[in-house]
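# Observations on the three-dimensional arrangement
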Amino acid sequence: MSNPYVGLPQTAYWKTAVGSVPSERIGDLWSPRFRIDKTTAISTYGSCFAQHFRGKLVENGYSWINGEPAPHGMDEATAKALNYGVFSARTGNIYTGAALLQWVNWAAGTTAPPEEYWQKDDHFIDPFRPAIEPGAVTTLDAARASRAEAIAAFGRSIREASVFVFTMGLTEAWVHRTGGYTYAICPGTVAGDFDADLHGFQNHDFPKVLADMKAAIAAMRRLNPELKILLTVSPVPLTATASGQHVLPATTYSKSVLRAVAGSLCAEHDFVDYFPSYEIISSPAMEGRYFEQNKRSVTPAGVAHVMGNFFTAIGDEQPADAPRPVPRPALPEQAGEDDLVCEEELLSAFATPLKGGSDTAIGIIGGSHVSSIRRHFAATGEASVGGMDTAFWMLPGEFQDVVIQDTHLTHANEEKARRFNGEDGVSFDLRGRAGFLLVGEPFAIPLILQELKRNKRLVGRANVDVLADWVFEAASTRRSMALLKHLRSMTDGPVITMPSPMWRAGAQAARRLPKLRPEKYAALSRVLERRLAAMGVTYIGQPQATLNEDGRTLDIYSRAHTDGQAADGKYDKSHANAEYGGLLVEQINSTLAELQTARAGQ
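I will try to describe carefully the structure that is included in this document.

## So, the packing of helix α2 (residues 50-59) against helix α9 (residues 300-313)
It is at 11 Å that the axes of α2 and α9 come closest, and there the two elements cross at 60°. One finds that α2 runs oblique with respect to α9. At the point where α2 passes α9, the crossing takes the right-handed sense. When α2 is examined against α9, the residues His 52, Phe 53, Lys 56 and Leu 57 are found in contact with a partner set consisting of Val 303, Met 307, Phe 310 and Phe 311. Looking at the contact of α2 with α9 residue by residue, the classes come out as 6 nonpolar, 1 polar and 1 charged.

## A closer look at the packing of aromatic side chains
Centre distance and the angle of the planes are the two values used to describe a pair of aromatic rings. All told, the structure shown has 23 aromatic pairs when counted by the stated rule. With a centroid separation of 6.3 Å and an interplanar angle of 10°, the aromatic rings of Tyr 45 and Phe 87 are classed as stacked. Here Tyr 45, found in strand β1 (residues 41-46), pairs with Phe 87, found in the loop between α3 (76-81) and α4 (97-108); they are 42 residues apart in sequence, far enough to count as distant. Its relative accessible area of 0% is what places Tyr 45 among the buried residues. Taking relative accessible area as the criterion, Phe 87 reaches 4% and is therefore assigned buried. Taken together, Tyr 45, Phe 87, Trp 103, Trp 106, Trp 118, Phe 128, Phe 154, Phe 164, Tyr 181 and Tyr 183 form an aromatic cluster joined through their ring pairs. If you follow Arg 221 out to its NZ or CZ, it ends over the ring of Phe 271, 3.6 Å from the centre. For Arg 374, the ring lying beneath its charged end belongs to Phe 392, and the centroid distance is 4.9 Å.

Conventions and cut-offs
Residues numbered from 1 in each chain as written. Predicted model: local features only at pLDDT ≥ 70, side-chain atom pairs only at ≥ 80, totals over all residues. Heavy atoms only, no water. Axes fitted to C-alpha atoms, helices over the stretch in contact; angles between N-to-C directions. Helix = DSSP H or I, 4+ residues; strand = E, 2+ residues; numbered from the N terminus. Parallel < 35°, antiparallel > 145°, perpendicular 65-115°, else oblique. Left-handed = near helix turned anticlockwise from the far one by under 90°. Contact = heavy atoms within 4.5 Å. Nonpolar A, V, L, I, M, F, W, Y, C, P; charged D, E, K, R; others polar. Phe/Tyr/Trp six-rings, centres within 6.5 Å; stacked < 30°, edge-to-face > 60°. Buried < 20%, exposed > 50% of the residue type's maximum accessible area, 1.4 Å probe, protein only. Lys NZ or Arg CZ within 6 Å of the ring centre and 35° of its normal.

Written out as structure tokens, the structure reads:
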């Protein structure tokens, strides 16, 4: 007997399309509605995941529109720090349909952007692009000009595009109650002041998102009547929710609404298409293999599967040896998720730390300079920071010897690891920690000065942003930076890094290093703090009170000053004493309290 289910292609049946196919080889998920090839002008915007599309399009020689290129002569590191080349214009992440409509209306001149900017320390932040130009905009006129250029570039990227790729990310949004406009992130998190009378939370439902998307698409096609729209839904779960729900069902609600809206738009318009990146990553058929240990970040193998399906569908077969999903690697040194610019990710810094037994303690990891905190605990009888238990793991020798496994840290020299941490201290379990504190690298002052030595003549005159570029370039090659990123992926609690002290009476090499005066060190610390915040990491500089006029640590904070001669007849002038450790703990407690207060004010 004939019926509509007889003779359908294999992709129509779960058994043949999914059930009997290895997860990493599930394909034929998409049949493009319109032609896309290497001559097609493509603009990309949306949530963090949209950046993968941009990267792979450029990598494979497609005509990606860069509507706001970096100024002529700007070096690559500075351009990256200022977020050039992330999207087709420097809009930052556009998470919601309401935000997209807002940007389109600004570009079309239908409405004018609000005259609202946030000031933090000595710089200005655009509340609609908070991750753009971190710390670099020091005047209000410069902030206005930067926003105006982004709006103009956004409009150009619509008019010049054949295909506009938009990755839908969130339904949750924060709005100005009287002005009616949508922020990129909740005021008071990155900067600005939260005011419950002015700032309102919205969780958009299907009719709202559909109406916003319809209006945005209609407005874009008034600017460019031939424009095609390719929608995707980000598979990345919410970092945090203000809905009052558990973040897991809140994520399901958000993604379900967005996926339904995308389907509805495709059914109504033949110039709108949907590519299933969300399904490729999040489907139960993929067995969760495309998420990192934090169950949120997408692995490089997941990105490869998504983009492999995309390029195959448009007729651009990728090499047979393209990356395939594999068990999670021992070392998290792959590029990808950590390079993404995501305002929403900043919310993870405000997660309330867990309290309780040793399995929910904050992990304190570092070399011998961790000992100053332990000495402070021994002297005072304390054993906690921010109301949380502590679990120490000391690394003998260089950070380069740490072995980063999926859920544990081990050390290349087991004998030394036992000597520092006891018989059971060869490895350190990262699971279930309330947060992490990394002491020493990758931003230890000696390493900063070693890097600045290459540019010794410029140190006195260089802008702190330039100094930070040098420091980040040096730190990016060190194992400690990979460790810092891995720690961030292992907890929703705070991840804090702070330097080891630099001593005037230290190694002979130290005397050949340039001076870094306290005021410049303080400014550099502020820039490093902003750069690391974009990774979801909190940076704490060395306590200012411990520095002398040359940027070295005062001798009164050394063990030699308080402990005198050791049994071997030597003086320890390289490590800090309990008093210094107490100042560090004060800074840690203050920082944890600020993070919790900020989260409570969301």
